[in-house]
Each structure stands twice: as structure tokens, then as C-alpha cells.
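Observations on the three-dimensional arrangement
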Amino acid sequence: MNPSVSVVPARQRWRTFALTTVIVWLLTALWSQATPLMSVTDEPSHTIRAAAAVRGELVGTAGAFADTGRAEFQVPEGIADSYDLTCTAWQAFTPGSCQPDVADDVDPLTTGTSSAWVNLPTYYVLVGWPSLLVGGEAGMWLMRLWSAFVFSALVGVAAMQLRTLSRHRWALTGLAVAALPTAIYIGGTMNPNGWEWAGAAAVFATLLALGRTPSTDRELVERGALVAVSAVLLVSARGVTPLWLLFAIAAALLAARPEILGGLLRRWQLWVAVAASAVAMALSALWILRPPEIGIGGMPTTGRGESAGQGARLAWDYLPLHWDQLVNWYGWQDTEGPPFSRMVLLAVLIVFALAGLALARRGLAIAIALLIVAFVLTPIALSAMLMNDAGYIWLGRYMLAVVPLITIAAGVAIDDRGVGSSAVGERLRWWLLGTVGVTQVVSFVYILRRFSVGQDDALLTMLLRPEWQPALLVIPSIGLTAVVVAACVLLIGRARDASVTPEAVPPTAEPVAAEPEAVAAAAR
């Protein structure tokens, strides 16, 4: 293909990015306002760390809570008191109305504690800025919504890049399948786990586009910059995240087309992106391997000091629990979602991954197989490595970032075979998207009930006599969520494979990325 010609014009690419970002942000914002502040695992620690980091305090100091693994930071009083808002933690029958009021001043600063001091400071510096402008609960809500916006923008990058593949219907469907209710839920809170999921999706989708479609000079600069930024946001989330980046790079290389990959290796724009990503990984690894020494002991955890073999055995025994947590646990890992969602989502993920593996050609098949193996074995290997020093600390949501790698790769494999573009394939895709959309809405209602009236109270009580209500109230929140989810389903369901117009392909171009029908239309 002529390197000065793009099959998908820039305006169309960025329109996809903008539309996806807005819709996903609306959905994450709806989830966010439907869950009380500090009702998510470790949210006070992440909030305090963010408010301190943006004020220049990146590490913290040892204090009265050093023996529990928590460092002290100087933050506004309302944010320091965020632990007072955790009255719903491990209390699945307690609604959000139990929360007290907190101070709303930006100044003066006081002491707050956080167990997130060991994490890289990048996430916290980037999300803490609203606390400089507004104090108390308003500042915490704004930090949540800003974190949700960055999460949504990364999802927008993933959709934008998958849209540039000549066949992308099932690849985009794979992204939708990976958007589990738990991923959207965590993406709307103060927790870097959301950026892991979205960053992994963005990096992998962009690397796939680089390795499977020709890039103009402008596209290569664009894609290189997106890879670098997404990689930085991904590896800055938590200590294990450089591993997800390595998985994404390895899978994308295996899925790449040799003739395109060979040309890429001779273009300087690619190496700039590689260098930026390598620097991000190196800095992340340096922080992980040599964390700041501030005299703080590890958190008291189950099994600390036991053998690596015991850690591996526990991880193996807990695999079913971890998969359940991955798709269906909320709050401080104290609230199970609806059984319907668990059964449907696990079945969809397994069938989708196996279908992609069965249809994939050699390189992509190897990539999918290795990702599935990594999904199963990584918790076991890491638990064995960490058992003696940290105890058993693994949770199912820690593997969220690997899910989009598997489902997007599986979608690409289905697209490659062309079986998904038939009439039967299209009907199946619509049914799949509709089913995933229903689980999103059902899970939203279920978790809203948990915080409105308690997990075991009746849905009718939530609708008529809620003890706690989100900012948009109960019934409007449910209605708006259904509308936004329907918009997501329509946006992905109506996706059509790339076509080439006469304006996009001059006579000198070789339209290798176009469909035969599109090329014929262009020639006419």
C-alpha cells in the first residue's frame, strides 16, 4: 500500500475515539454515582495517596500505623477522614446511608494513612488534582469521575484502533465481551485496577493495528504515541502491570503479518514508541524491585511466612473463586453480583475464547493459547513467589487486564476466517451483544439495591423506599444505564468492516488491506 494513503481517514478514526469515550464515560459515571464513596476495596488508601501525591508527597512517612503496612501522608481533613466512610465494607446488608459527613476544606492539611504507598506514584499524581480545587466529598467525587474519564479514553483508543482493521466486527465484539460489569464498576472508582484493564486493551488493540494493517507516516506517529501513552498508564497502575504489557506485546507480535512487521522495523517512528515504552517499563520495574525504604512493615495477611508450594496450592484451590470474583464480586469483595450474570458471563468468556482458538491461524492461535495458559497459571506463579514475604493476597480482579487480550485476539481470529460476517454470524453477534448488555444492566440494578437498601432487601423496596440514593436517584439511574448500554450495543452491533473509497486509494496504491468488494467499488 502507498505509505501516504490511509484506508480509514483520520477524521473517522477520531470520531470513533470521541464517541466511544463519551459513551463509556457516561456508563462508568453512572456506575460511579450508584456506589457510595469509599465503598470499593482500598478506595480510601488510593484517595489519600492521590491527594498527597499531587501536592508533591510521593512516598509518605512511617508513623503509628507502620506495623500494619500503612504510611502517613499530609492531606485535607475530609480526605484524611475517608476511612470514616467505609461503614459498608464487609457489611453487605448495610446501605450507604450509614456514612457520616466529612469536612469539605482544601486546607489545612492533616495526617491520613494509606497502604498504597508502595505503588508507583504516576496514577496518583494524574488523578489527584481535583483535590486541589475542591475539598471533602465533592473533591473525592471529582477524582472518581476524572479517573473514569481516563479509563474511558483508553477504551476509546482500543475501539479506534480496532476499527482500523479491515475486518473488525468481532474484534470490537471481543472488546465488548471483555467489558465485564466488574471492569466498568472498578473503572468508575478511585482504584488503578480500572486503568490496568483499559490500558491493556488500548495497548493491545494499537499493537494489533500496527502489526496487521499498513500505516501511513501520520498513522505511525499517531499509533506510536498512543502505544507509548497507553503503556505508561498501564505499567503505572500496580506492581504486576509490566507483566500485562509483556503479554500484550508478545501476543501482538505473534498475531502480526510478517510483511507488515518487516516494514515497520525499518521505520524510526516505531522505535521511538518502543523506547518510550521500554523506559516506562524500566522505571516501573525499578520501583517494584527497589521500593522506597521508609521503615514500614508488610500488611498482616493470611499465610505470610509460608512456603511457595503452599502459595501455589492455595491459588490452585481458589481458581474457581477467583473467576467468580473476576466477573461477579463488588464492594470490598463482600458482595456477590446476580447469579445470572455469573453463569452467563463465564459461559460467554469461555465459549468466545475457545471459538477464537479453534478458528485462529497459526500465529494468532499460539497467541490465544498462550494467553489462556497465562490467565490460568499467572495467579499460581505469583502467589508462590509472594507467599513468604506477603502472604496470600490474590484477588480475582487482579487478572482483569488479561481478559481483553484474550477476547480481542479471539475476535480477530473470527474476523480473519470471515465466518462471523455471514447472516448467521451477524445474528449470533447481535444476540451476544444483547446478552452482554443485559448482564450489565442486571448487575447495575443488583449492586444499586445492595447500596440502597442492603443486599437481601426486595427490589420493590429499593424503588419505593430507598434508604440511600445516588445523585441521579434510583429509578432515573436505572433508566439512564439501560439507555447508555443500549447505545453501546448499537454502536458495536452496527459496525461494518472497512471499505476503501476512490478518494482514499489513488491509482498508485496497492489496497492490500481492503475487502475485494470494496476494491471493486473503488475501481468503478
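Residues numbered from 1 in each chain as written. Predicted model: local features only at pLDDT ≥ 70, side-chain atom pairs only at ≥ 80, totals over all residues. Heavy atoms only, no water.

1. A few points about the state of the cysteines
Note on terminology: disulfide describes a covalent bond linking the sulfur atoms of two cysteines. According to the stated counting rule, one finds one disulfide in the structure shown. A sulfur-sulfur distance of 1.8 Å marks the disulfide that ties Cys 87 to Cys 98. Taking the torsion about the sulfur-sulfur bond, which here is approximately 85°, the covalent link between Cys 87 and Cys 98 counts as right-handed. Taken as a pair, Cys 87 in the loop between helix 3 (77-80) and strand 2 (109-114) and Cys 98 in the loop between helix 3 and strand 2 lie far apart in primary sequence, 11 residues in all. On the basis of relative accessibility, which here comes to 25%, the residue Cys 87 falls in the partly exposed class. (Disulfide = S-S within 2.5 Å. Helix = DSSP H or I, 4+ residues; strand = E, 2+ residues; numbered from the N terminus. Buried < 20%, exposed > 50% of the residue type's maximum accessible area, 1.4 Å probe, protein only.)

2. So, unusual backbone geometry
With omega at -5°, the peptide bond leading from Asp 107 into Pro 108 counts as cis. Checked against the element boundaries, Pro 108 lands in the loop between helix 3 and strand 2. One non-glycine residue, Asp 42, lies in the positive phi region at around 65°. Among the structural elements, Asp 42 can be located in the loop between helix 1 (10-33) and helix 2 (43-53). What makes Asp 42 partly exposed here is its relative accessible area of 28%. Positive phi is not limited to glycine here, since Trp 90 has a value of about 60°.

3. Overview of the side chain of Ser 32
Take Ser 32: it is sitting in helix 1. Judged by relative accessible area, which is 0%, Ser 32 ranks as buried.

4. What about the pattern of salt bridges?
Under the criterion given, the structure shown has 11 salt bridges. In this structure, the salt-bridge partner of Arg 238 is Glu 196, at a minimum N-O distance of 2.4 Å. Separated by 42 residues along the polypeptide, Arg 238 in the loop between helix 10 (217-235) and helix 11 (241-255) and Glu 196 in helix 9 (residues 193-212) bring together distant segments of the chain. Assigned by exposure class, Arg 238 and Glu 196 land together as buried. Of the charged contacts in the structure, one is a salt bridge between Arg 496 and Glu 426, with a shortest N-O distance of 3.7 Å. Placement of the pair is Arg 496 in the loop between helix 21 (474-493) and helix 22 (516-523) and Glu 426 in helix 19 (residues 423-452), with a sequence separation of 70 residues. On the accessibility criterion, Glu 426 (12% relative accessible area) is buried. One continuous salt-bridge network, built from bridges that share partners, spans Arg 169, Glu 426, Arg 429 and Arg 496. (Salt bridge = Lys/Arg side-chain N within 4 Å of Asp/Glu carboxyl O.)

5. Notes on the confidence of the model for the protein
Looking at the protein, pLDDT values average 88 and 92% of them are 70 or higher. In this model, residues 1-5 is a region of pLDDT below 50 whose contacts with residues beyond four sequence positions or in other chains number 16 contacts. Note that pLDDT drops below 50 for residues 499-524; the model gives that stretch 29 contacts with residues more than four away or on any other chain. (pLDDT = per-residue confidence, 0-100. Contact = heavy atoms within 4.5 Å.)

6. As for the environment of Leu 220
Along the chain, Leu 220 falls in helix 10. With relative accessibility at 1%, the residue Leu 220 sits in the buried group. For the pair Leu 220 and Glu 259, spaced 39 residues apart in sequence, the C-alpha to C-alpha distance is 16 Å. Beyond its immediate chain neighbours, meaning those up to four positions away, Leu 220 contacts Leu 210, Ser 215, Leu 264, Arg 267, Gln 269 and Leu 270.

7. Describing a negative patch on the surface
Judged by side-chain charge, Glu 77, Asp 104, Asp 105 and Asp 107 come together as a negatively charged surface patch. With respect to the helices and strands, Asp 105 occurs in the loop between helix 3 and strand 2. (Patch = residues over 30% accessible without salt bridge, like charges linked within 9 Å, V, L, I, M, F, W, Y side chains within 5 Å. Areas by Shrake-Rupley, 256 points an atom, 1.4 Å probe, with all protein chains shown as cover. Lys, Arg positive; Asp, Glu negative; His and termini not counted. Charge placed at Lys NZ, Arg CZ, Asp CG, Glu CD.)

8. Things to note about the packing of helix 16 (residues 339-359) against helix 18 (residues 402-417)
It is the contact of helix 16 with helix 18, at a shortest axis distance of 8 Å, that shows an interaxial angle of 45°. Taken as axis vectors, helix 16 and helix 18 run oblique relative to one another. Helix 16 and helix 18 meet at a crossing whose hand is left-handed. Together, Leu 349, Phe 352, Ala 353, Gly 356 and Leu 359 of helix 16 and Val 403, Ile 406, Thr 407, Ala 410, Gly 411, Ala 413, Ile 414 and Arg 417 of helix 18 make up the contact between the two elements. For the contact of helix 16 with helix 18, the class distribution of residues is nine nonpolar, three polar and one charged. (Axes fitted to C-alpha atoms, helices over the stretch in contact; angles between N-to-C directions. Parallel < 35°, antiparallel > 145°, perpendicular 65-115°, else oblique. Left-handed = near helix turned anticlockwise from the far one by under 90°. Nonpolar A, V, L, I, M, F, W, Y, C, P; charged D, E, K, R; others polar.)

9. Observations concerning a nonpolar patch on the surface
There is a patch of nonpolar side chains on the surface, built from Leu 460, Leu 463, Leu 464 and Ile 475 and spanning about 400 Å² of accessible area. Looking at the nonpolar patch, the element that brings in the most residues is helix 20 (residues 459-464), giving three residues. Examined against the element boundaries, Leu 464 turns out to sit in helix 20. Among the residues examined, Leu 464 registers a relative accessible area of 57% and is labelled exposed.

10. Overview of the packing of helix 10 against helix 13 (residues 268-289)
Two elements in contact, helix 10 and helix 13, have axes whose closest approach is 8 Å; the angle formed by their N-to-C orientations is 5°. For the element pair helix 10 / helix 13, the angle class is roughly parallel. Residue-level inspection shows Asp 217, Leu 220, Val 221, Gly 224, Val 227, Ala 228, Ala 231, Val 232 and Val 235 of helix 10 in contact with helix 13, the latter providing Gln 269, Leu 270, Ala 273, Ala 276, Ser 277, Ala 280, Met 281 and Ser 284. Across the contact of helix 10 with helix 13, the residue classes break down as 12 nonpolar, four polar and one charged.

11. Considerations on the packing of aromatic side chains
For any pair of aromatic rings, the description rests on two quantities: the centre-to-centre distance and the angle between the ring planes. In the structure shown here, the tally under the stated rule is 16 aromatic pairs. Aromatic side chains Trp 31 and Tyr 185 sit 5.8 Å apart centroid to centroid with 75° between the ring planes, which places their arrangement in the edge-to-face category. Remark: Tyr 185 occurs in helix 8 (residues 181-187) and Trp 31 occurs in helix 1; sequence separation between them is 154 residues. Each member of the pair, Trp 31 together with Tyr 185, is buried. Above the plane of the ring of Tyr 83 lies Arg 70, whose end atom (NZ or CZ) is 4.6 Å from the centre. Directly above the aromatic system of Tyr 446 lies the positively charged group of Arg 449, at a separation of 4.7 Å from the ring centroid. (Phe/Tyr/Trp six-rings, centres within 6.5 Å; stacked < 30°, edge-to-face > 60°. Lys NZ or Arg CZ within 6 Å of the ring centre and 35° of its normal.)

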